[in-house]
Amino acid sequence: MVTMLFPSRLPPNISSHAGYSESVISGVLDSIKPSALLYSYIGSTKETGANRAVFGDAVNLVLDKLSKEEAAKKVMVIDSDLEGSTGLKVIHQKHPEVFIPSGIMERGNFAAAAGFGFDADKFGVFSTFSAFLEMVISEITMARLNNCNVLCHFSHSGVDEMADNTCHFGVNSFFADNGLSDVQSWLYFPADPLQMIAIVQHVFFERGLRFIFSTRSKVPYILKEDGKTRFFDGDYKFVPGKDETIVEGTAGYVVSFGEMLYRSWDAVLRCREQGLDVGLINKSTLNIVDEQTIRKIGSSGFVLVVESFNQKTGLGSKFGTWLLERGLTPRYGYMGTVKEGCGGLSEQIPHQGLDPQSIIIRIKKLSQ
């Protein structure tokens, strides 16, 4: 289905062409009111932030430490006519010496960033929507084979608040991890703005291909179990490949990331209030197995992966294999995006059965 946008006031004569009176059409349009699904989340703040915008702020924090000359020599940021949507606008404004505006030509733009990053001491930065990642898979392969340094920001990941319907769903992001086992790529999905800043600052000047994902929707800040302290604040240090235990559990574990972490945390806390001792893992590095964590959770009663990526190609489709390869056999389940959806905002997550109440139902089923 295609999303259609209408002005609140119709142009002259359009009503007669449509076969209805202006009063009838205006009455229909005036009756359409914006609405939101009201739900009070626990385990996260009321305050929210847009990770897709924070990416640009985080890059600026890195560039601020360099002279203009050094930055221009070392870094190139190329846009795909989406700088206002993917966080690059603030880089353009504050560090124009590294910024190259370009058009809707993702394959060429990624190739340009990779070509710049062919030098071991140069780093390309590329960004577009996650739905368009599938356009650049061949270029990703060539960049990997040439050991290029590219930091990719794919915003509008998953389905949350995806107003432009299924054609903009960013659900096949694991396609970026298409290299062989002897060459590592890194897929990161921060859970909130604080973790986004920590990840960008840590991985910006690491070599090779690095992919950072964010959502169109804003996300709250994850709180520790005390309900007050922000989990990724203070002395938090991001470690690539290391899963983060949000809370320990004895009955089983939920594994999540990105915008699904705060929803999973809400579900886990409500289960714990009912006496079911469920743990929660934040898998912010998506494609690397943390051996210590997987053995811990794989030795529990169950493991449930919750994500908004395509259930066929996402983390859940891989995690069960990782468990079996290590002789770990907990009860296993995974939840992800499973069906098309027309334009919508807060309706998208419940439409996929990924809201906290649906997660709770799945947790209870696996725990039996």
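For the structure, check the block above.
Conventions used here
- Residues numbered from 1 in each chain as written.
- Predicted model: local features only at pLDDT ≥ 70, side-chain atom pairs only at ≥ 80, totals over all residues.
- Heavy atoms only, no water.
- Salt bridge = Lys/Arg side-chain N within 4 Å of Asp/Glu carboxyl O.
- Buried < 20%, exposed > 50% of the residue type's maximum accessible area, 1.4 Å probe, protein only.
- Axes fitted to C-alpha atoms, helices over the stretch in contact; angles between N-to-C directions.
- Helix = DSSP H or I, 4+ residues; strand = E, 2+ residues; numbered from the N terminus.
- Parallel < 35°, antiparallel > 145°, perpendicular 65-115°, else oblique.
- Contact = heavy atoms within 4.5 Å.
- Nonpolar A, V, L, I, M, F, W, Y, C, P; charged D, E, K, R; others polar.
- Phe/Tyr/Trp six-rings, centres within 6.5 Å; stacked < 30°, edge-to-face > 60°.
- Lys NZ or Arg CZ within 6 Å of the ring centre and 35° of its normal.
- Pairing = 2+ DSSP bridges.

A.B. asks: Before we move on, could you go through the pattern of salt bridges and cite the residues and values that matter?
C.D. replies: Overall, the coordinates contain 14 salt bridges when judged by the stated rule. With its nearest N and O atoms 3.0 Å apart, the salt bridge here joins Asp277 to Arg272. Residue classification places Asp277 among the partly exposed positions, given a relative accessible area of 26%. Connected via shared salt-bridge partners are Glu225, Arg272 and Asp277.

A.B. asks: Which residues make up the packing of helix α7 (residues 106–116) against helix α8 (residues 137–145), and what values go with them?
C.D. replies: Packing of α7 against α8 brings their axes to within 9 Å, and their N-to-C directions diverge by 10°. Looking at the two axes, α7 sits roughly parallel to α8. Here Arg107, Phe110, Ala111 and Ala114 of α7 lie close against α8, whose contacting residues are Ser138, Glu139, Ile140 and Ala143. Residue composition of the contact of α7 with α8, by class: 5 nonpolar, 1 polar and 2 charged.

A.B. asks: Requested: an account of the packing of aromatic side chains, with residues and values cited.
C.D. replies: Throughout the structure, instances matching the rule amount to 21 aromatic pairs. Consider the rings of Phe154 and Phe211, whose centres lie 6.3 Å apart with planes at 20°: the pair is stacked. Here the residue Phe154 occupies a position in strand β5 (residues 150–155), and Phe211 occupies one in strand β7 (residues 209–213), the gap between them amounting to 57 residues. Exposure class is identical for Phe154 and Phe211. Each is buried. Summarising the aromatic geometry, the rings of Phe213 and Phe309 are spaced 6.1 Å apart at their centres and angled 80° between planes, so their arrangement reads as edge-to-face. Remark: Phe309 occurs in strand β12 (residues 302–310) and Phe213 occurs in strand β7; sequence separation between them is 96 residues. Accessibility expressed as a relative area gives 0% for Phe309, which makes it buried. Positioned over the ring face of Phe205 is Lys74, at 4.5 Å from the centre of the ring. Here Arg230 stacks its cationic end above the ring of Tyr221, 4.1 Å away from the centre of that ring.

A.B. asks: An account of the sheet that holds strand β13 (residues 331–337) is needed here, citing residue identities and associated values.
C.D. replies: Spatial ordering of the open sheet is given by β9-β11-β10-β12-β13, a layout of 5 strands whose pairing is mixed. The sheet is open, and its two edges are formed by β9 (244–247) and β13, each paired on a single side. For this sheet, the mean angle separating the axes of adjacent strands, direction not counted, is 25°. Across 5 bridges, strand β10 (residues 252–256) lies against strand β11 (residues 278–282) in parallel orientation.

Such coordinate-based values are descriptive only and should not be taken to indicate function.
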